[in-house]
Amino acid sequence: MRQIHLRVVICLIFCFSFFSGFSQHKIIGTVVDSADGIGLQGARISLLNTGDSIIKQAVAQVNGRFVIDQLPSADYTLLLTYIGYKQSKRRIKIADRDLELKFPLTTSFTMLDAVNITVAPPPVLVKGDTTEFSAAAYKTEAYADADALVAQIPGVEIDADGKIKAQGEDVQKIIVDGKEFFSSDPAVALKTLPADVIDKIQLIDEKSEQSKLTGFDDGNRRKIINIVTKPEKRRGYFGRMAGAIGNQERYNTGGFLNAFKGDRRISGNILSNNINQGSFSSNELVGASSRGGRGGDGGSGGGIGPNHRIALNYNNTWWKEVEFNADYHFNTSDKDLIRTANREVLMADEANQFNISSQQTNRTNQGHAASIRVVYKRDSTQRLTVNPRINFNSGKTTNTNHTRTQDILQQLINTSDRENRGNNHAFTLGGSIDYGLRLSSEGRSVSAHLENNYNRNTNEAFALSYNTFYDSGTMSRSDTVNNRNDSRSNSTLWNARLTYTEPFGAHARLMGNASYRSNNSYSDRRMYDFLLETGQYSELNRELSNEFRNDYKFYGAGLNYQYSSESFLVDLGIDYQQAKMANDRIFPEVTSASHQFVNYLPNANLMYRFSRDRRVRFNYNTSTNPPNVLQLQDVVNNQNPLNITGGNPNLKQEFRHAFSLHYNSVNRESGANFSVGVNGELTNNRIVNSTIIAAIDTFILDNVLLGKGAQFTRLVNVNGYYSVRANSSFGIPIEALKINLNANTTVHHNRDVGILNELVTHTNTFGINQRIGINSNISRKIIFSLSYSGNYNMVRNNSNRDLSNNSYNQQIRNDITYIFWKGLRVASSLNYRYNTGLAAGYDQSFLLWNASIGKKLFKKEQAEITLTAFDLLNSNTQITRNITERYIEDSQSNILQQYFLLSFTYNLRQFGGGGGGRGMRLTR
């Protein structure tokens, strides 16, 4: 009996052990960086019971993977820790199966209390598509603007017009703390934030909105900068106000103000001046401590006149779910431009012509632009973005022009004296709605995009010209053109796209999309000739008038396959597109025509990550571009009798191939970064100019005569256009010299295609540009920079083998600021420019020198009085070169020269405690 009981007990124990062993499971996990998904080898994983006692521990191996096995069904807590990252706790439940989970960790920088150790923050961190630089690693002058700090980041360049390049690419947008901030103009953001509120600068290769919604990386990127502010500076007021007066009745006044209270942020920027500071991007705002002073040199456009601008931005977050951003810009200007130009017209196999012109233009402009962006995130599975926009612009132009055309022997071919006046108004109303819904944690999602834009333009233009034509240098005839052109146009665009993604295992996904686009355009152009009998523009010229409607619709569908791992991504797809374009002429005669297009648009996106700091990416895509209503409108414009233009209702849509290959590398210890890339484009059915240059007087229409040497240009489709551009960018801090070095090299080749006198011509432009610059990082009292930029261009034309045009220009610039005894501030900016290979009279070299001396005031030196001298040597010059498939043109414009300003500047800083920090007041 005792043996029976013993056998029963042994059997029960065996069964219990069997079923217990049968019900045990394991956890298979991966610990990764939350930003880039890279596995964190060495992370420690602790398994806790409900009483927070450690049951088992593990260490993540290669790729961050770990396994904890022999676990009975129960509730547990996983504690994950890794040096430099925030610890994470995850509640899990093991029921009837093994668990396979991914655990993302976020980086953490913890300030220790009661330990007086000062450790410099890491100069650079790389997290996925983001490269982060610590602002504390760079020195700027007290009360400097954000651009003074951003310009010191290795690989970042800011030119004289405020355009920003980072790692060889144009920066499209500035955001602050991850939120929109003056999104329509990156330069405004840099002039509205002071450097001393910045904690970090992040260079981001931002994914497209479509990729954000679906999680399906389409390879489309744009370079943006995210400015991360110091937590203790996110509550308070800060800004600058300044004013200046000078000789020649010059003045400059403006400033900016920010009111931050946590998520609620109100910012404003205003300027008014007559020193050609046409935007907030100027390097010096009335004595502002910045990167040196361009000093109102007129920018790239030339001309002189007053400018007034206002920019406002409002940001807030409501209910922790709704992010709201509103943006408003106003500008008005009144500019007088005096310009001379020498244009060499490429005449294929004939001797080239030379067009010499001088003009005076007065142009007034006023513009309003407003946008709202609302992002609703109910939870991590849903995202709704609404972005309405409105723009209004109006302008008035008066232009007088004298032009003469001569042959290579300097004999006159024709001359023209013209006066043109015009008024134009443009209105745009539009917006977009994007919605994304994640259906499962594995990657199943659906997203939708809807966009609408309405545009309306009206224009009234008057033209009066007296034209003479010559034969062998002797005047053969003359004529007069006197007319008024009234035109109005509008268009309505609808664009819709629906996308669905389906996961296939842990690494593969499939995406399907359907799209629809509709663009309805209308243009009405009426030309009225002047009648001497009535003294009015009352006779309708039917041959030069036209009323036209264009309807363009396409339907599309596509399929993409994506496979991604921690170090590799491949995305291949193709879209099918069926388009229909209908053109209807209503006046002066009723005609109709239609075209249908069927296209297959392949795309590919490949990325390989060698390590967290090095990666290479390749992208290839195709797209179509339909002609607009003004290009299609079959009407002749003779308001410039030497350059008559016309539309073409038979234009087809362009088909574009584009590719890019980019390699990026960042050194975390030093902050050095290197990038190299190549971009290419090939366009079939490219819309180009077809030009006829009359060898003798020729009638285009019954009453439109094209005089000898004059041009008639209309648009046509041709093949053969391509462009290739290679760029390398290198930035490194040199600690021994306390400087940051940036170098950028660009090599490009453009093959422009045109038609001249029914002969296809190719103009090949080859060029190389080298830029190198250094910025000091010595102290906040000595700030200097030195840069060199050289640009060499060669132009070759296939139809004129003897044509060889080479040009070279360079710019050497030095900016230095020195602050010494009791707040005295001395600044100097030297800019030497050299040109060669341009037309006669345009090979000019000059040295532009701006300098200032100022005194900082008050206990905290928050104010300054400054005397500034612009163009001390009175040598400022504006020369530009423009190269097309038809001509090479050198021009010179009037620009501001020597003047002086006396300015007063006051910087406001008032920060309160809280706002996410400990209420401490930190300064660099």
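The rules behind the values
- Residues numbered from 1 in each chain as written.
- Predicted model: local features only at pLDDT ≥ 70, side-chain atom pairs only at ≥ 80, totals over all residues.
- Heavy atoms only, no water.
- Helix = DSSP H or I, 4+ residues; strand = E, 2+ residues; numbered from the N terminus.
- Buried < 20%, exposed > 50% of the residue type's maximum accessible area, 1.4 Å probe, protein only.
- Contact = heavy atoms within 4.5 Å.
- Areas by Shrake-Rupley, 256 points an atom, 1.4 Å probe, with all protein chains shown as cover.
- Pairing = 2+ DSSP bridges.
- Axes fitted to C-alpha atoms, helices over the stretch in contact; angles between N-to-C directions.
- Salt bridge = Lys/Arg side-chain N within 4 Å of Asp/Glu carboxyl O.
- Core = buried A, V, L, I, M, F, W, Y, C linked by side-chain atoms within 4.5 Å.
- Phe/Tyr/Trp six-rings, centres within 6.5 Å; stacked < 30°, edge-to-face > 60°.
- Lys NZ or Arg CZ within 6 Å of the ring centre and 35° of its normal.
- pLDDT = per-residue confidence, 0-100.
- Polar contact = N/O pair within 3.5 Å; in protein donor to acceptor, adjacent residues only side chain to side chain.

## Notes on the overall build of the protein chain
Here is step 1: Within the protein chain one finds five helices and 50 strands.
Here is step 2: For the protein chain, buried positions account for 49% of its 924 residues.
Here is step 3: Long-range contacts, defined here as pairs at least 24 residues apart, represent 65% of the contacts in the protein chain between residues at least 6 apart.
Here is step 4: Just so you have it, the protein chain exposes about 43100 Å², and 55% of that area is on carbon and sulfur atoms.

## Points about unusual backbone geometry
In most cases, non-glycine residues show a negative phi, while peptide bonds are predominantly trans.
Here is step 1: Cis rather than trans, the peptide bond between Phe-587 and Pro-588 has omega equal to 5°.
Here is step 2: Of note, the phi angle at Asp-177 is positive, near 50°, even though the residue is not glycine.
Here is step 3: Along the polypeptide, Asp-177 turns up in the loop between strand E12 (169-176) and strand E13 (179-180).
Here is step 4: One non-glycine residue, Trp-319, lies in positive phi territory at about 55°.
Here is step 5: Classification of Trp-319 as exposed rests on a relative accessible area of 69%.

## Quick word on the sheet that holds strand E2 (residues 44-48)
Here is step 1: Strand order in this open sheet of four strands is E3-E2-E5-E6, and the pairing throughout is antiparallel. Of all strands in the sheet, those bounded by a partner on one side alone are strand E3 (54-59) and strand E6 (88-94). Each strand axis lies, on average, 25° off the axis of its neighbour in the sheet, ignoring direction.
Here is step 2: With seven bridges joining them, strand E5 (residues 74-81) and E6 adopt antiparallel strand pairing. Looking at the pairing, Leu-78 lines up with Arg-90 of E6.

## Looking at the pairing of strand E1 (residues 25-33)
Here is step 1: Counting buried residues along E1, eight of its nine residues qualify, which places the element largely inside the surrounding structure.
Here is step 2: Looking at chain direction, E1 and strand E4 (residues 65-71) are connected through five bridges and run antiparallel. Bridge pairing in E4 links Thr-30 to Arg-65.
Here is step 3: Summarising the sheet, E1 and strand E7 (residues 99-105) pair through seven bridges and their orientation is parallel. The residue bridging Gly-29 from the neighbouring strand is Leu-101, located in E7.

## Points about the pairing of strand E18 (residues 264-273)
Here is step 1: Burial of E18 is extensive: seven of the ten residues sit out of reach of the surface.
Here is step 2: Hairpin geometry of strand E17 (residues 251-261) and E18 is characterised by an intervening segment of two residues between the two adjacent antiparallel strands and by a positive phi of about 65° at Gly-262.

## Concerning the pattern of salt bridges
Opposite charge on two side chains allows them to pair when their charged atoms are near.
Here is step 1: On inspection of all chains with the given rule, the structure shows 36 salt bridges.
Here is step 2: Note that Lys-200 is salt-bridged to Asp-199, the shortest N-O span being 2.8 Å.
Here is step 3: Residue class for Asp-199 comes out partly exposed when judged on its relative accessible area of 24%.
Here is step 4: Between Glu-547 and Arg-526 there is a salt bridge, and its shortest N-O distance comes to 3.0 Å. Taken together, the positions of Glu-547 in strand E28 (residues 546-564) and Arg-526 in strand E26 (residues 508-531) put the pair 21 residues apart, joining distant regions of the chain. Pair check on accessibility: Glu-547 and Arg-526 agree, each one buried.
Here is step 5: Overlapping salt bridges bring together Glu-141, Arg-825, Lys-856 and Glu-864 as one network.

## Let's talk about the sheet that holds E7
Pairing between the strands of a sheet comes from backbone hydrogen bonds, and it takes one of two forms, parallel or antiparallel.
Here is step 1: Taken together, the three strands give an open sheet; going across it, the order is E4-E1-E7, and neighbouring strands pair in mixed fashion. A strand with exactly one partner marks an edge of an open sheet, and here the two such strands are E4 and E7. Across this sheet, the average inter-strand angle for adjacent strands is 20°, counted without regard to direction.

## Digging into the nonpolar core
Here is step 1: Formed by 37 residues in total, the largest nonpolar core has its most connected members in Leu-193, Ile-225 and Ile-227.
Here is step 2: Those elements giving two or more residues to this core turn out to be strand E8 (124-127), helix H2 (146-150), strand E10 (156-158), strand E11 (164-166), E12, helix H3 (186-192), strand E14 (198-207) and strand E15 (221-229).
Here is step 3: Per element, the largest residue contribution to this core is four residues, and it comes from H2.
Here is step 4: In this view, Ile-227 contacts Ile-174, Ile-175, Val-176, Asp-177, Leu-190, Leu-193, Ile-198, Lys-200 and Ile-201; residues no more than four positions away in its chain are not counted.
Here is step 5: Leu-40, Ala-43, Ile-68 and Leu-78 belong to the second-largest nonpolar core, a separate cluster that totals 20 residues.

## Some thoughts on the packing of aromatic side chains
Here is step 1: Inspection of every chain in the model, using the stated rule, returns 17 aromatic pairs.
Here is step 2: Centroid distance Phe-870 to Tyr-899: 4.6 Å. Interplanar angle 15°. Geometry classified as stacked. You can see Phe-870 sitting in strand E47 (residues 863-870) and its partner Tyr-899 sitting in strand E50 (residues 899-911), a full 29 residues away along the chain.
Here is step 3: Residue classification places Tyr-899 among the buried positions, given a relative accessible area of 1%.
Here is step 4: In this structure, Lys-233 packs its charged tip against the face of Phe-911, placed 4.8 Å from the ring centre.

## Looking at the confidence of the model for the protein chain
Here is step 1: Of all residues in the protein chain, 88% have pLDDT values of 70 or greater, and the mean over the chain is 85.
Here is step 2: Every residue in residues 1-22 is under pLDDT 50, and counting partners more than four places away or in other chains gives zero contacts.
Here is step 3: Within the model, the stretch residues 914-924 combines pLDDT values under 50 with 31 contacts to residues more than four positions away or in other chains.

## Regarding the environment of Phe-712
Here is step 1: Considering the arrangement of structural elements, one finds Phe-712 in strand E39 (residues 711-718).
Here is step 2: Taking the relative accessible area as the measure of exposure, Phe-712 reaches 11% and is therefore buried.
Here is step 3: Here the alpha-carbon distance between Phe-712 and Ala-694, two residues 18 residues apart in the chain, equals 8.2 Å.
Here is step 4: Once residues within four sequence positions are removed from consideration, Phe-712 is found in contact with Val-636, Ile-644, Thr-645, Gly-646, Ser-690, Thr-691, Ile-692, Ile-700 and Leu-706.

## Some details on the side chain of Glu-864
Here is step 1: Considering the arrangement of structural elements, one finds Glu-864 in strand E47.
Here is step 2: A polar side-chain atom of Glu-864 sits 3.3 Å from a polar atom in the side chain of Lys-856.

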